[in-house]
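Residue-level listing of the chains:
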Amino acid sequence: QVQLVETGGGSVQAGGSLRLSCTASELTFDNYAMGWIRQAPGKEREGISCLSRTGGLTRYTGALRERFTVSRDYAKKMFYLQMNNLTSEDTAVYYCAAHNRDYCPDSRDFRYWGQGTQVTVSK
């Protein structure tokens, strides 16, 4: 199995930025599609974006396109979420997820999930 660990969460003022990192212990990291998903308190999970095995982009939530950017580093086996111009509505637990296919699945169908990291945006 792939073991995923998210880092970079915490508290930030509205208008600020954070970069979340996901580290994969799996040696065949480049065989997996990778995604970021978030869940705000009392709300359903919301897919953000996913990169296929070869870097093709799937946007689950188009409204975040101008503020959130995903990227992956194959050499370092890491996956990133850059978040800019944060608002209180972005407060949520953010999850890194992996899928052992070339393509990005539905945002709720990833096979492997990290434990999540809390992001809190204050006004």
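Here is a short report on the structure shown in this document. (Residues numbered from 1 in each chain as written. Predicted model: local features only at pLDDT ≥ 70, side-chain atom pairs only at ≥ 80, totals over all residues. Heavy atoms only, no water.)

1. Observations concerning the state of the cysteines
Then comes step 1: For the structure on display, the rule yields two disulfides.
Then comes step 2: Paired through a disulfide, C22 and C96 show a sulfur-sulfur distance of 2.0 Å. Torsion about the S-S bond of the C22 and C96 cystine: about -70°, corresponding to left-handed handedness. In this pair, C22 sits in strand β3 (residues 18-24) while C96 sits in strand β9 (residues 92-99), placing the two residues 74 residues apart along the sequence.
Then comes step 3: Note on C96: relative accessible area 0%, which makes it buried.
Then comes step 4: Covalent S-S linkage joins C50 and C104, the inter-sulfur distance amounting to 2.1 Å. When the S-S torsion is -90°, as for the bridge of C50 with C104, the disulfide is left-handed. Taken together, the positions of C50 in strand β5 (residues 46-51) and C104 in the loop between β9 and β10 (112-113) put the pair 54 residues apart, joining distant regions of the chain.
Then comes step 5: You can call C50 buried: its relative accessible area is 0%. (Disulfide = S-S within 2.5 Å. Helix = DSSP H or I, 4+ residues; strand = E, 2+ residues; numbered from the N terminus. Buried < 20%, exposed > 50% of the residue type's maximum accessible area, 1.4 Å probe, protein only.)

2. Let's talk about the side chain of D90
Then comes step 1: Within the element layout of this structure, D90 appears in the loop between β8 (78-83) and β9.
Then comes step 2: For D90, the side chain forms a polar contact with the main-chain nitrogen of T87, separated by 2.9 Å.
Then comes step 3: Once residues lying within four places of it in the same chain are set aside, the contact partners of D90 are R38, L64, R67, F68, N85, V119 and V121. (Polar contact = N/O pair within 3.5 Å; in protein donor to acceptor, adjacent residues only side chain to side chain. Contact = heavy atoms within 4.5 Å.)

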